[in-house]
Amino acid sequence: MLVGKRAVPTAAHAVPWGAPNASIQFVTGYFDGNSSAGAGGQSWATAAHGYAGQDVTAHDMAVLRLADPLGDWLGGMGARPFDDSWRGGAYWTSVGYPGDVDNGERPSFQSSIHVIDDDEDGDAQELEHHADETPGDSGGAFFGTWSDGPYAVGTVSGFEQVSGPLGIGSEDNNISAGGNALTGLVNFARTTWT
């Protein structure tokens, strides 16, 4: 998902932090090895900013700087923190590239997801839900649509299994990372990477 002319949020655990020879290519509407936007619908990441090394936490997020300003011609979505009043509403959509669907070569799309709980961790939130997500979905968009367009409220992080004594309080949820930490990263990218 593009959130600025050069900005793409993702999961921090998907970024090869500390690997100077690693490279990431963002392909708009990736489908069977090609961009659905046509020629020029891809760009290499030239920088990353975020919470390095996070794995399935409220802070499992980063933003990538693209070499080419794809958002100038493709547009993008906004970002906003999740509000507790939205809990339980089936407002959310998750998009990703799960390895279980065509080996990650085609996107998956699931809508009408409801957030069952949101756990605060400083300026970040773990958005807990039961969307159908598997490895490969990490870093994908978790968003809602308002009258003025789509807004990301999280990036797909992973899942958690919490076992309570005798099964009491046990949880098995998928997690998207969001909150003010996400909007802070997006604002950083928009103002710094012009």
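It should be noted that the structure appears before, not after, this text.
Residues numbered from 1 in each chain as written. Predicted model: local features only at pLDDT ≥ 70, side-chain atom pairs only at ≥ 80, totals over all residues. Heavy atoms only, no water.

Would you explain unusual backbone geometry in this entry?
For residues besides glycine, phi is generally negative; the peptide bonds are generally trans as well. The residue Asp32 is not glycine, and still its phi comes out positive at about 50 degrees. Here Asp32 is to be found in the loop between strand S3 (30-31) and strand S4 (34-35). Taking the relative accessible area as the measure of exposure, Asp32 reaches 35% and is therefore partly exposed. One non-glycine residue with positive phi stands out, namely Ser112, at about 60 degrees. Take Ser112: it is sitting in strand S9 (residues 108-113). (Helix = DSSP H or I, 4+ residues; strand = E, 2+ residues; numbered from the N terminus. Buried < 20%, exposed > 50% of the residue type's maximum accessible area, 1.4 Å probe, protein only.)

Sorry, what's going on with the environment of Leu2 here?
Within the fold, Leu2 resides in the segment before strand S1 (7-10). Considered as a pair, Leu2 and Asp68 are 66 residues apart in the sequence and their alpha carbons are 12 Å apart. Once you skip the residues sitting within four places of it in the chain, Leu2 turns out to touch Ala7, Val8, Phe26, Leu66, Leu70, Gly71, Leu74, Gly75, Gly76 and Met77. (Contact = heavy atoms within 4.5 Å.)

How should the pattern of salt bridges be read in this particular structure?
Should the charged atoms of two oppositely charged side chains come close, the side chains can pair. Here the structure, examined in full by the defined rule, presents three salt bridges. Asp32 is the salt-bridge partner of Arg106, the closest N and O atoms lying 2.7 Å from each other. Of this pair, Arg106 sits in the loop between strand S8 (92-96) and S9 while Asp32 sits in the loop between S3 and S4, and the two are 74 residues apart along the sequence. A salt bridge links Arg87 to Asp118; the shortest N-O distance between them is 2.7 Å. Remark: Asp118 occurs in strand S10 (residues 115-121) and Arg87 occurs in the loop between strand S7 (78-79) and S8; sequence separation between them is 31 residues. Under the relative-accessibility criterion, Arg87 is labelled partly exposed at 37%. (Salt bridge = Lys/Arg side-chain N within 4 Å of Asp/Glu carboxyl O.)

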